[in-house]
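Residue-level structure breakdown
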Amino acid sequence: KELPTVLLIHQIDRHEGAWTILPLMRDFSVTYGRNSSWIFFCEEDTRIQVVKLLETLRRFDKSKEWFLGKALYDEESTIIHHYAFAENPTVFKFPDFAAGWALSFPLVNKLAKKLKSEPLKSDFTIDLKHEIALYIWQKGEGPHLTPVPEFCTDDVNSYKVDHCATTFSNFLPLCGEPVNKEDIFVAVKTCRKFHGDRIPVVKQTWEREAALIEYYSDYADISIPTVDLGVPNTDRGHCGKTFAILERFLNRTSPRIPWLVVVDDDTLISISRLRKLLSCYDPNEPVFLGERYGYGLGTGGYSYITGGGGMVFSRTAVQKLLASKCRCYSMDAPDDMVLGMCFSGLGIPITHSPLFHQARPMDYPKDYLSHQIPVSFHKHWNIDPVKVYFTWLAPNTEESHNGRKAGYNREDL
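Residues numbered from 1 in each chain as written. Predicted model: local features only at pLDDT ≥ 70, side-chain atom pairs only at ≥ 80, totals over all residues. Heavy atoms only, no water.

1. Structural notes on the overall build of the chain
Scanning the chain from terminus to terminus reveals 12 helices and 20 strands. For the chain, whose C-alpha radius of gyration is 22 Å, the value lies close to the compact-globule estimate of 22 Å for 413 residues. Projecting the C-alpha coordinates of the chain onto the three principal axes gives extents of approximately 70 × 50 × 45 Å. Across the 413 residues that make up the chain, the buried fraction comes to 53%. Taking the contacts inside the chain whose residues are at least 6 apart along the sequence as the reference set, 71% of them involve residues at least 24 apart. Separation between the mean location of the 47 positive side-chain charges and that of the 52 negative ones in the chain comes to 3 Å. (Helix = DSSP H or I, 4+ residues; strand = E, 2+ residues; numbered from the N terminus. Rg over C-alpha atoms; globule rule 2.2 N^0.38 Å. Buried < 20%, exposed > 50% of the residue type's maximum accessible area, 1.4 Å probe, protein only. Contact = heavy atoms within 4.5 Å. Lys, Arg positive; Asp, Glu negative; His and termini not counted. Charge placed at Lys NZ, Arg CZ, Asp CG, Glu CD.)

2. Things to note about the pairing of strand S16 (residues 292–295)
Sheet topology note: the strand S7 (residues 124–125)/S16 ladder contains 2 bridges and is antiparallel. Along S16, the bridge assignment pairs Phe124 with Tyr295. Across 4 bridges, the pairing between S16 and strand S17 (residues 302–305) is antiparallel. Bridging from a neighbouring strand, Gly294 pairs with Ser303 of S17. The antiparallel pairing of S16 with S17 creates a hairpin that spans 6 residues between the two strands, and Gly296 there sits at a positive phi of about 60 degrees. (Pairing = 2+ DSSP bridges.)

3. Comments concerning the UniProt feature "domain: Fringe-like glycosyltransferase" (unreviewed entry) in the chain
With numbering matched to this structure, UniProt assigns "domain: Fringe-like glycosyltransferase" (unreviewed entry) to residues 32–116 and 178–388. Along residues 32–116, the helical share is 26% and the strand share 21%, with 17 Å between the first and last C-alpha atoms. With 26% helix and 21% strand, residues 178–388 has end C-alpha atoms that lie 24 Å from one another. (UniProt positions renumbered as here; feature names shortened; annotations may be inferred.)

4. Re the sheet that holds S17
An order of S7-S16-S17 is seen for the 3 strands of this open sheet, with the pairing classed as antiparallel. The sheet terminates laterally at S7 and S17, the two strands that pair on one side only. On top of the sheet, helix H10 (residues 335–345) reaches S7, S16 and S17; it is set at about 130 degrees to S17, its chief contact. (Axes fitted to C-alpha atoms, helices over the stretch in contact; angles between N-to-C directions.)

5. Concerning the domain arrangement of the chain
Domain boundaries in the chain define domain 1 (9–168) and domain 2 (181–393). Here the C-alpha centre of domain 2 lies 30 Å away from the C-alpha centre of domain 1. The partner domain 2 presents 22 residues to the 23 residues of domain 1 that form the contact. Together, the buried faces of domain 1 and domain 2 total about 1,900 Å²; carbon and sulfur atoms form 58% of this surface. For the domain 1 face of the interface with domain 2, the top three residues by lost area are Glu16, Trp19 and Phe124, together amounting to 27%. Counting across the domain 1 and domain 2 interface gives 8 residue pairs in polar contact (both at pLDDT 80 or more). Residue classes in the side of domain 1 that touches domain 2 are distributed as 10 nonpolar, 6 polar and 7 charged. (Domains from an automatic or database assignment. Buried area = accessible area lost by both parts, 1.4 Å probe. Polar contact = N/O pair within 3.5 Å; in protein donor to acceptor, adjacent residues only side chain to side chain. Nonpolar A, V, L, I, M, F, W, Y, C, P; charged D, E, K, R; others polar.)

6. Description of the packing of aromatic side chains
Here the structure, examined in full by the defined rule, presents 22 aromatic pairs. Here the aromatic rings of Phe40 and Phe151 are separated by 5.4 Å at their centres, their planes lie at 70 degrees, and the arrangement is edge-to-face. Taken together, the residues span a long stretch of sequence, with Phe40 in strand S1 (residues 38–41) and Phe151 in the loop between strand S8 (146–147) and strand S9 (166–168) at a distance of 111 residues. With relative accessibility at 2%, the residue Phe151 sits in the buried group. With a centroid separation of 5.7 Å and 70 degrees between ring planes, the pair formed by Phe377 and Trp392 is classed as edge-to-face. A residue pair is termed long-range when its members are at least 10 positions apart, and Phe377 in strand S20 (residues 376–378) and Trp392 in helix H12 (residues 385–392) qualify at 15 residues. Exposure remark for Trp392: the relative accessible area of 6% places this residue in the buried category. Pairwise contacts between aromatic rings join Phe28, Phe41, Phe67, Phe97 and Trp101 into one cluster. (Phe/Tyr/Trp six-rings, centres within 6.5 Å; stacked < 30°, edge-to-face > 60°.)

7. Observations concerning a nonpolar patch on the surface
Among the surface-exposed residues, Ile48, Val50 and Leu54 lie close enough to one another that they form a single nonpolar patch of about 200 Å² accessible area. One can find Val50 in helix H3 (residues 50–58). Classification of Val50 by relative accessible area gives partly exposed; the value is 33%. (Patch = residues over 30% accessible without salt bridge, like charges linked within 9 Å, V, L, I, M, F, W, Y side chains within 5 Å. Areas by Shrake-Rupley, 256 points an atom, 1.4 Å probe, with all protein chains shown as cover. Salt bridge = Lys/Arg side-chain N within 4 Å of Asp/Glu carboxyl O.)

8. Observations concerning the nonpolar core
Among the nonpolar cores identified, the biggest contains 76 residues, and Met25, Leu103, Trp206 and Leu274 are the most heavily contacted of them. Two domains share this core, each providing at least three of its residues, namely domain 1 (9–168) and domain 2 (181–393). Not counting the four nearest positions on each side in its chain, Leu274 is found in contact with Ile184, Val261, Ile269, Val312, Phe356 and Val375. In this structure, Val262, Met311, Cys342 and Ile348 belong to the second largest nonpolar core, which totals 30 residues. (Core = buried A, V, L, I, M, F, W, Y, C linked by side-chain atoms within 4.5 Å.)

Dropping the structure here:
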């Protein structure tokens, strides 16, 4: 009968891995296990009809172990989920965090107990919603996700939402005027072997949206043009190249340019959407923004921005990083992970946006993408990247969610 207790994860965060939720289970169990029946998780933009949510939860026996949510599934096995359930990926359901998801306290208490005796071993956190569902399932010994039709991601104004306990605002964050084009410097990482096939895609798609753009390579090609950073190309990580880009940005561009975006030559990005998103951040703060992954978070690791989806830095963040002594432990170290380690050591938080994507549209459940206005995708593998750009990211698809304006059908991509 009382109002729910509302917790904000960043305020109960005592360590780097709190965003992965499982490390908080013991706290939830100890603090709320006696007086609460359910814990309900949602995102900042999830809208909740509290009375309807309580009615929905009352249908389930609170003394049993329940894992409730809006079910997502992979239509094909995907690299993001390490090709799990390869024979039939549709059998495994995981929750769409935007719709909200709930755990009954008997399940919270069981997870807390297990985590106490068996600490988390996972090295990488890549797609949290899938990994949490796998952990709860416990290879068939724990509960599957139970789909709940009242947990919705339809827009609050949709005619479909009468039965919904939750809705989700389907919009691009905008906190004022979009950032000026001239306030964003774009650095494209490339190398000689990809000049012929990847760079033409950038030029056919999003290059025209960028006012300030340079291509950094291991070879100076005046036809593009590329800048030879004097850093040889490596087959593994590109730490040396990325730090050279950061130093060049700080020393060779106007100090009045507040934002740097570092992308791969096979990243597809909407600069116009990024300009809106960046209106929500203060470049005088050290901001490091993109799609967040985690490494070794169960054992005191760190979060990092995964490079393929694009890494966004405020000039202030670059200044603080380069003023520190944190550098690559080898030239071919993974640049995104080294940056995560450095910023973690400096106490600068990673800022996550689910609108950046390390993989291709086809690597995500359609239902998940249907309530997003994405900022980026990555990789040209087995797709027509130009078609993907004009279907998902081009300025004229801004408000279109069925791809019609671009003349392509998203279902095929």
